[in-house]
Every structure is written in structure tokens, then in C-alpha cells.
Amino acid sequence: MKKIAIVGATGAVGEELLGVLEELDFPVQSILPLASAKSAGSTVEFRGQTYKVQELTEAVFRANPVDIAFFSAGGSVSEKYAPLAVEAGAVVIDNTSHFRMREDVPLVVPECNAEDIAQWSKTGIIANPNCSTIQMVHVLKPLDAVFNLKRVDVATYQAASGAGKEGMEELVEGLREFFAFRLDGFEARTFPHTLALNLIPHIDLFEDNGYTKEELKMVNETQKILHKKLEISATCVRVGVLRSHSEALSLHFEKEVDVKRAREILQKAPSVVVIDEPESKKYPMPLFTSDTNETYVGRIRRDLSRANVLHLWCVADQIRVGAATNAVRIAQKWLELEGR
């Protein structure tokens, strides 16, 4: 049984972590919920027990030693406090972008590169990838093993949940204002424009090359996870959906692709569910993928002009698959590899 800390316990991912730990029957002895001074004193529930949220301070990990510390409170928080958790004896599983591209920190999706977890002892930190990257590599890894992937073109349709509680609340507020005929006076705070009934082709900051940081995360993180210098181009779009990110993928392989074989490969892939019956109007959608722990794939078809190109559609719950569930699965694999 392990002592667990959750940094950002009152945020969207922190709250989801509690649910996933319980669902996956993780061996938890106790929970140490941590947050800013603003949230300290509130409570969280886990397995019928109430835990008081404590303020995250430099001394809290020394005073309350834990085995595993999940961080989901922003990059600056992880930068300052994750090393302190490690010094106090914890392994840190970090959900921010701060450590992802450091060479000495493994970036892990257990279904794809669980072996990289073995590098954790270099820093005591294991990084959780970007939400859109996680669901994409669930699909890429098994297909690459058979057909030898060369290039990926992806367009994402990312839900408000990608911006946390504030993003979801702003979408709901915007929709409420629209149906009250007051949307003209609505001011976006979390997103660069009003998200309600809108699409925003802009997530994170733009770089000099015209790509956003979110798009470049998908490029760089995928290459690190798959240990392969793939050609990747991403266009990331925020959409007026509450939960679950969707992606349209065009995959270029070295070998000719057989659609039936590709479908069979994905049906056997871990954490992937194939729903691909367009004649029956059955394909993945955020409406039913939310609150689940799998990546759903459909619309699998070969390119009309090139026999080595496959197109498909995938959907997954960003808060779970793209964050909490992956973090807990990393912890499970860490326990397994360490024999703890």
C-alpha cells in the first residue's frame, strides 16, 4: 500500500485522479491532497474517507513523506516543488510540460514505451505527455510496428476541458449567455475568443514558424515516445465541446496498407476500442467517450490515391486518457518494474 500525494487536488485533473485511482484499484494507503493557499482547508473524498486539502509549501513533503506524488498544477509549480518531493523520497509523475523534453526524464505512455520508466531514477521524475499526444500514440505505435510509419498529419478538435475547470465553466457560461441572447457582450477570459458555438484554431502561444506550442508539443513528444524521427505536422483547434478531444489523422507508411489488417491491429491494441461501422452511423464521438479510459478509433480508410496512406478518426477523454488515467497507469507500471 502506498502513500499518495496529489498536487492540484482541487483542479479538474486532480479530482479525476482520485476517481481513477479508485477505479483501477490502486494500492493506496493514504492521500495527501495539496493545492494553493486559496484552496487549502477544503476537502476531497476517496474510498469513503474525507481528506483535508493542505497548502503546498516547501516543507510539506518532508513533514508528510509519500511514495508517489502526482503533479497537476502548472509548470511553474512543478519546477519549484517536484524536486522537493523527490528529495523527500517520492517518485514524481508530472502532468505539466515542464520536464517532458528533458533528456534525463522519461516521457511515458505505458502502452507504447513502458520500458522507459526504468530511467526514472536519474531524476526521480516521470513526465506525462500532452493530452493530444497520448491518444495519438495509442494509435500510431501498433500500426508503426507493422507498416513502418513515416509521416503523420493531424488536425485536433480539442474540448474545453483541455483548459481545465476554467475552460469548461467558460464554455457553459458562454452557451448560457447565447441562449439568453446576451452573447454579444460576453468577454472570453480563458480562451482567446468566445468558444461557445465557435472553433478557435489557436491553442497556446504562436512560435515564429507559424505553429503553436501545442502543435509543436505533439511533434516533439511523439518523436521522443516512439524513439523515431517521424515527419509530423499538427493543427490544433479548440472546439465548443465540454470533454473529449478528437483527432483526424493521416498516416503515411513505408509499406502498402491493408485496411482490414490495420483494423485488426487496432482491435488488439491496448487501451484502444474500434468503433467503425459507418453504414450503421457508428463511429467515435465525444458524447459517449467522456468518462472512459480508452482511445476510440473509427472512420478507418485507405487514401484514394496512395496505397501507403491511411486516414482515421480517434476520440478520447482528455482529462482521463490524456492526463489522469495515463498518470495512474505509469504509477502501476512503476510499481511493477520496481517490484514494490
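Reading the values: the criteria
Residues numbered from 1 in each chain as written. Predicted model: local features only at pLDDT ≥ 70, side-chain atom pairs only at ≥ 80, totals over all residues. Heavy atoms only, no water. Helix = DSSP H or I, 4+ residues; strand = E, 2+ residues; numbered from the N terminus. Contact = heavy atoms within 4.5 Å. Salt bridge = Lys/Arg side-chain N within 4 Å of Asp/Glu carboxyl O. Buried < 20%, exposed > 50% of the residue type's maximum accessible area, 1.4 Å probe, protein only. Axes fitted to C-alpha atoms, helices over the stretch in contact; angles between N-to-C directions. Parallel < 35°, antiparallel > 145°, perpendicular 65-115°, else oblique. Left-handed = near helix turned anticlockwise from the far one by under 90°.

Asker: Could you give an account of the side chain of Asp-94, with specific residues and numbers?
Answerer: Tracing the sequence through the fold places Asp-94 in strand 7 (residues 91-94). Sequence-distant contacts of Asp-94, that is, excluding residues within four places in its chain, are made with Phe-71, Ser-78, Phe-99, Ile-125, Ile-126, Ala-127 and Asn-128.

Asker: So what's going on with the pattern of salt bridges? Which residues, and what values?
Answerer: Using the criterion set out here, one finds 21 salt bridges in the structure. For Arg-243, the salt bridge identified is with Glu-16, shortest N-O distance 3.6 Å. Of this pair, Arg-243 sits in the loop between strand 11 (231-239) and strand 12 (245-253) while Glu-16 sits in helix 1 (residues 12-23); the two residues are 227 residues apart in sequence, bridging distant segments of the chain. Each of the two residues, Arg-243 as well as Glu-16, counts as buried. In this structure, Arg-320 and Glu-23 form a salt bridge, with 2.7 Å as the shortest nitrogen-oxygen distance. Within this pair, whereas Arg-320 is found in helix 10 (residues 320-338), its partner Glu-23 is found in helix 1, the two being separated by 297 residues in sequence.

Asker: Give a description of unusual backbone geometry that names residues and reports values.
Answerer: Peptide bonds are trans in most cases, and residues, glycine excluded, mostly fall at negative phi. One non-glycine residue, Arg-47, adopts positive backbone phi at about 50 degrees. As for its position among the elements, Arg-47 is in the loop between strand 3 (43-46) and strand 4 (49-52). Owing to a relative accessible area of 35%, Arg-47 belongs among the partly exposed residues under this scheme. For Arg-299, which is not glycine, the phi dihedral falls at a positive 50 degrees.

Asker: How would you sum up the packing of helix 5 (residues 131-147) against helix 7 (residues 213-226)? Please name residues and give values.
Answerer: The axes of two packed helices give the description: the angle between them and the distance between them. For the pair helix 5 and helix 7, the least separation of the axes is 9 Å and the interaxial angle reads 40 degrees. Classified by the angle their axes make, helix 5 and helix 7 are oblique. In this structure, helix 5 crosses over helix 7, and the sense of that crossing is right-handed. Where helix 5 approaches helix 7, its residues Cys-131, Ser-132, Thr-133, Met-136, Val-137, Leu-140 and Lys-141 are matched on the opposing element by Glu-214, Lys-217, Met-218, Glu-221, Thr-222, Ile-225 and Leu-226.

Asker: Describe the environment of Ser-233, naming the residues involved and giving the relevant values.
Answerer: Here Ser-233 is to be found in strand 11. In this structure Ser-233 comes out as buried when scored by relative accessible area, which is 15%. In this structure the C-alpha to C-alpha distance between Ser-233 and Val-154, which are 79 residues apart in sequence, comes to 6.4 Å. Sequence-distant contacts of Ser-233, that is, excluding residues within four places in its chain, are made with Arg-151, Val-152, Asp-153, Val-154 and Tyr-211.

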